[in-house]
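# Coordinate analysis (summary)
The lines below spell out each chain.
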Amino acid sequence: MSKRRRWLLAALPALALLAWAGFAPIEVPSRDALFEIPNGTYARRRAGDLVDILPSKITLTLGVDDVLLLRNLDDVPQQFGPTILMPGQSFRLPFEVASENRFDCTAHSSGQMIVVVEPEPVWPWQKMRWRARRWLGS
Amino acid sequence: MNRMLVRLALVPLCFCASAALAASDPVTPAQPATALKAGVLSPAMPAPELALAATDGKPLSLARFRGKVVLLAFGFSNCGEVCPITLTTLAGARKKLGPEAGDVQVVYITVDPERDSAAQMKKFLGAFDPSFVGGVGSRAEIDAAQKSYGISSNKITYANGGYTIGHSSSIYMIDRAGRLRAVMPYGRSSDDFAHDLKILLRS
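In this report, the structure presented in the accompanying data block is examined. Worth saying up front: this structure is predicted, and the values here are computed from it rather than measured.

Turning our attention to the overall build of chain B. Summing up its helical and strand segments, chain B has five helices and ten strands in all. Here chain B holds 203 residues, and the buried ones make up 47% of them. Within chain B, counting contacts between residues at least 6 apart in sequence, those at least 24 apart form 72% of the total. Here chain B has roughly 9,500 Å² of accessible surface; of this, 59% comes from carbon and sulfur atoms.

In structure tokens, the structure reads:
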């Protein structure tokens, strides 16, 4: 076997992986992107703890995970945007347009949360980017 | 032999590509037909009660409108941009509902009690839909209403002494039983409102 062919054979799995990442349909069990405000958040804030419990920036993707689901597990009300979430209550907000949204949020030390909604991944590079982001956990 | 190996190795690649091309859309669960386009609060809890004066001369409380779906929003009559868009959208949504519009009540509460009298608000709202009811009151009463719904507002003063007010612009959707069911962000269409109102009216 020539050196060129050996290289070609070695590259095939990587090519197959790229083909899959770019062309295979994205399958997810739910369109909900769940974020929970844990019990004790308010108490930690009062004690001066500025650690962010939720990410300050959340990226959603239309047609895949385009529903923001916030759950308040704290024992006091929390405000998200114009909505007051009572203890144990959840807020399920679907998005239908690619956009960047800024919400006031009392669960953040900065007092703000940004929700970026990206277009539906239709083209191969968009699917690759979505998968890469999922694998990297961001 | 080597050529055969290469061809065999190409099989999975071609399979992957062709299968993916045949179904390239994301495979995700469809949203149920009963899903609201607004942000839904779960479990739904009683909407905070209002203790204001209404532009129709009566006291303004949500209990008055029990049995109807209430769309509640905050704004002011001198608002040049956000409020007219919101009110036009809500009036459009009511029109799309046809006879069912009678079971939908729009309540619009001022965030500018210093300038918005009952007469002023009535005139302002009537230009969009005469069925709209405004809420007015003292600064303390308005502050209490804003606080109970998490509404923020800030006064922006101009060099000439005039001012405008930046304010939260979402619309609260309250069901026939007086429970705060959903919050529609600013900027959604009258079609979105009509869609959600039909669901709330039938639930």
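A separate point is the overall build of chain A. Broken down by element type, chain A carries three helices and eight strands. Each helix (α) and strand (β) of chain A, taken in turn from the N terminus, gives the series α-β-α-β-β-β-β-β-β-β-α. Taken over C-alpha atoms, the radius of gyration comes to 20 Å for chain A, far larger than the 14 Å a tight globule of 138 residues would show. Taken over the C-alpha atoms alone, chain A extends approximately 70 × 30 × 25 Å along its principal axes. Long-range pairs, those at least 24 residues apart, make up 60% of the contacts in chain A with a sequence separation of at least 6. For chain A, the exposed area adds up to about 7,500 Å²; of that, 59% sits on carbon and sulfur atoms. A distance of 14 Å separates the average location of the 17 positive side-chain charges in chain A from that of its 14 negative side-chain charges.

Residues in a regular strand point their side chains to alternate faces of the sheet. Residues and elements named next belong to chain B. As paired elements, strand S7 (residues 153-157) and strand S8 (residues 163-167) share five bridges and run antiparallel to each other. The residue bridging Lys155 from the neighbouring strand is Ile165, located in S8. Between S7 and the antiparallel strand that follows it, S8, lie five residues; Gly161 among them carries a positive phi value of about 95°.

The next subject is unusual backbone geometry. The linkage connecting B:Ser42 with the following residue, B:Pro43, adopts the cis geometry, with an omega of -5°. Structurally, B:Pro43 is set in strand S1 (residues 39-46).

The subject of this paragraph is the sheet that holds strand S3 (residues 59-60) of chain B. If you trace the eleven strands from one edge of the open sheet to the other, you get S1(A)-S3(A)-S6(A)-S1(B)-S10(B)-S9(B)-S4(B)-S5(B)-S6(B)-S2(B)-S3(B), paired in mixed fashion. Of all the strands in the sheet, just strand S1 (32-37) of chain A together with S3 of chain B have a single pairing partner and so form its edges. Where strand S4 (residues 69-75) of chain B lies against strand S9 (residues 171-174) of chain B, three bridges are found, and the strand directions are antiparallel. Along S9(B), the bridge assignment pairs B:Leu72 with B:Tyr172.

Another point: the sheet that holds strand S7 (residues 99-104) of chain A. Hydrogen bonds between backbone groups are what pair the strands of a sheet, and the pairing can be parallel or antiparallel. All names here are of chain A. The three strands lie next to each other as S2-S8-S7, forming an open sheet whose pairing is mixed. The open sheet has two edge strands, strand S2 (57-61) and S7, and neither has a second partner. In this sheet, adjacent strand axes meet at a mean angle of 20° when their direction is disregarded. In this structure, S2 lies alongside strand S8 (residues 112-118), joined through five bridges in parallel fashion. Looking at the pairing, Ile58 lines up with Val115 of S8.

Moving on to the packing of aromatic side chains. Per the counting criterion, the structure on display carries seven aromatic pairs over all chains. With a centroid separation of 6.2 Å and an interplanar angle of 55°, the aromatic rings of A:Phe80 and A:Phe91 are classed as tilted. With A:Phe80 in strand S4 (residues 78-80) and A:Phe91 in strand S6 (residues 90-94), this residue pair connects regions lying eleven residues apart in the sequence. Each member of the pair, A:Phe80 as well as A:Phe91, is classed as buried. Here B:Arg115 stacks its cationic end above the ring of B:Tyr163, 3.7 Å away from the centre of that ring. Above the plane of the ring of B:Tyr163 lies B:Lys155, whose end atom (NZ or CZ) is 4.2 Å from the centre.

Below, the discussion takes up the pairing of S1(A). Residues and elements named next belong to chain A. Going residue by residue along S1, you find Ala33, Phe35 and Ile37 tucked away on one face and Asp32, Leu34 and Glu36 left uncovered on the opposite face. Here six bridges tie S1 to strand S3 (residues 67-72), and the two strands are oriented parallel to one another. The residue of S3 that forms the bridge with Ala33 is Leu68.

Residue and element names in this part refer to chain B. End to end, helix H2 (residues 82-97) covers 23 Å across 16 residues, agreeing with the expected 22 Å (1.5 Å per residue, within 8%). Where H2 is buried, its residues meet S4, strand S5 (104-110), helix H3 (118-126), S8, S9 and helix H5 (190-202). One or two residues past the end of H2 sits Gly98, with phi positive at roughly 65°.

As a further point, take the environment of B:Ser61. All names here are of chain B. You can see Ser61 is positioned in the loop between S3 and S4. Distance in space between the C-alpha atoms of Ser61 and Pro48 is 9.7 Å, their sequence separation being 13 residues. If near-sequence neighbours (up to four positions away) are discounted, Ser61 is found in contact with Glu49 and Leu50.

Rules and cut-offs
- Residues numbered from 1 in each chain as written.
- Chains lettered and ligands numbered in written order.
- Predicted model: local features only at pLDDT ≥ 70, side-chain atom pairs only at ≥ 80, totals over all residues.
- Heavy atoms only, no water.
- Helix = DSSP H or I, 4+ residues; strand = E, 2+ residues; numbered from the N terminus.
- Buried < 20%, exposed > 50% of the residue type's maximum accessible area, 1.4 Å probe, protein only.
- Contact = heavy atoms within 4.5 Å.
- Areas by Shrake-Rupley, 256 points an atom, 1.4 Å probe, with all protein chains shown as cover.
- Rg over C-alpha atoms; globule rule 2.2 N^0.38 Å.
- Lys, Arg positive; Asp, Glu negative; His and termini not counted.
- Charge placed at Lys NZ, Arg CZ, Asp CG, Glu CD.
- Pairing = 2+ DSSP bridges.
- Axes fitted to C-alpha atoms, helices over the stretch in contact; angles between N-to-C directions.
- Phe/Tyr/Trp six-rings, centres within 6.5 Å; stacked < 30°, edge-to-face > 60°.
- Lys NZ or Arg CZ within 6 Å of the ring centre and 35° of its normal.
- Expected span 1.5 Å × (residues − 1).

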